[in-house]
Amino acid sequence: MIGKAEVMAEGENPRFIVTNLPAAGFKVEKDRERFEPARLYEEGYCARGEMENVLKQQVLDLQADAMSTHYLASNQLRLWLAAFGYLLLERLRTLGCHGTELARATAGTIRLKLLKVAARVTVSVRRVHVQLSSAYVLTDLFRLCHSRLMALAAPSG
């Protein structure tokens, strides 16, 4: 049993992990220390909590749980699209928003602050021109993310 007792301003915060994994690891493993208590707590228990946060973002922010038909294939497609949407927003956060106020933002926050923006879109033969609203307060952040993403694009030949 592994325990962590923490007292915070809000009160006590005890956590326990009960496991039958050997503390010395398995004999056939190269990494024999992976089941040490501190490492098991940080890499196993805390990672599980982070995965629950990712699933919560998909359900709350991207409506991954909205199974709208009686057909398995269409519901599966909707779930795939929600997962793909999360991956796109995660890459946008990691590659475009690092070092900014949105570096640790949730999918819903990025969607609300960067993607749901009033703009005028003009399409010509050679380009798409996006004119942001003058009332948009995060214009500099939007431009920074755009320039970072454009720098990742493969040069056209």
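Residues numbered from 1 in each chain as written. Predicted model: local features only at pLDDT ≥ 70, side-chain atom pairs only at ≥ 80, totals over all residues. Heavy atoms only, no water.

Peer 1: Can you help me understand the environment of A23 in this one?
Peer 2: Secondary-structure assignment places A23 in the loop between β4 (15–17) and α1 (37–62). When the C-alpha positions of A23 and E36 are compared, they lie 5.2 Å apart, and in sequence the two are 13 residues distant. Setting aside anything within four residues of it in sequence, one finds A23 in contact with R32, F35 and E36. (Helix = DSSP H or I, 4+ residues; strand = E, 2+ residues; numbered from the N terminus. Contact = heavy atoms within 4.5 Å.)

Peer 1: Got a minute to help me understand the packing of aromatic side chains in this structure?
Peer 2: Aromatic rings in a pair are described by how distant their centres are and how their planes are angled relative to each other. This structure, assessed with the given rule, holds 1 aromatic pair. With a centroid separation of 6.3 Å and 80 degrees between ring planes, the pair formed by Y136 and F142 is classed as edge-to-face. (Phe/Tyr/Trp six-rings, centres within 6.5 Å; stacked < 30°, edge-to-face > 60°.)

Peer 1: Please clarify how the environment of E50 should be interpreted in this entry.
Peer 2: Relative to the elements of secondary structure, E50 occurs in helix α1. For the pair E50 and C97, spaced 47 residues apart in sequence, the C-alpha to C-alpha distance is 20 Å.

Peer 1: Sorry if this is basic, but what is going on with the confidence of the model for the chain here?
Peer 2: Close reading of the predicted structure is inappropriate where its pLDDT is low. With 97% of its residues at a pLDDT of 70 or more, the chain has an overall mean of 83. Of all helices and strands in the chain, the one with the weakest mean pLDDT is strand β1 (residues 2–4) (70), whereas strand β5 (residues 119–123) scores best (92). (pLDDT = per-residue confidence, 0-100.)

Peer 1: I would appreciate a short explanation of the side chain of R93 in the present structure.
Peer 2: With respect to the helices, strands and loops of the structure, R93 is situated in helix α2 (residues 72–96). No salt bridge is formed by the buried R93; its nearest oppositely charged neighbour, E90, is found at 4.3 Å. (Buried < 20%, exposed > 50% of the residue type's maximum accessible area, 1.4 Å probe, protein only. Lys, Arg positive; Asp, Glu negative; His and termini not counted. Salt bridge = Lys/Arg side-chain N within 4 Å of Asp/Glu carboxyl O.)

Peer 1: Whenever I open this one, the pattern of salt bridges confuses me. Can you help?
Peer 2: Pairs can form between side chains of opposite charge whenever their charged atoms are close. Across all of its chains, the model carries 1 salt bridge by this definition. Among the salt bridges present, the one from E90 reaches R91, with a minimum N-O distance of 3.0 Å.

Peer 1: Looking at this structure, how should I read helix α4 (residues 139–152)?
Peer 2: An α-helical turn contains 3.6 residues, so a residue and the one three or four places further along point in the same direction. Helix length check: α4, at 14 residues, gives a terminal C-alpha distance of 20 Å against a target of 20 Å (1.5 Å per residue), a fit within 8%. Three or more residues of α4 are buried, namely T139, L141 and C145. All buried residues of α4 project into a common sector of 160 degrees when viewed along the axis, lining one side. In α4, the exposed positions that point more than 90 degrees away from the buried face belong to D140, R143 and A151. Tucked inside the fold, the buried residues of α4 contact α2, α3 (107–115) and β6 (128–132). (Expected span 1.5 Å × (residues − 1). Arc of directions from axis to C-beta.)

Peer 1: Please explain the layout of surface pockets as it appears in this structure.
Peer 2: Gaps left between atoms show up when a probe the size of a water molecule is rolled over them. Here the largest pocket is characterised by a volume of approximately 460 Å³. Taken together, 14 residues form the lining of the largest pocket, with V130, L132, F142, R143 and H146 sitting closest to its centre. Breaking the lining of the largest pocket down by element, the ones donating at least two residues are α3, β6 and α4. Of the residues forming the lining of the largest pocket, the biggest block, 6 residues, is contributed by α4. What the second largest pocket holds in volume is close to 290 Å³. What lines the second largest pocket is A47, E50, M51, N53, V54, Q57, Y86, R93, A103, R104, A105 and T106. (1 Å grid on protein atoms, 1.4 Å probe; cavity = no way out; pocket = protein on both sides within 12 Å on 5 of 7 lines; lining within 4 Å. Points joined across faces, edges and corners; volume = space filled by probe spheres on them.)

Peer 1: I tried to follow the pairing of β6 on my own but got confused; where do I start?
Peer 2: Regular strands show a simple pattern: their side chains alternate between the two faces of the sheet. As judged from the 5 bridges shared by β5 and β6, these two strands associate in the antiparallel manner. Note that in β6 the partner of V123 across the bridge is V128. Hairpin connection between β5 and β6: a loop of 4 residues separates the two successive antiparallel strands. (Pairing = 2+ DSSP bridges.)

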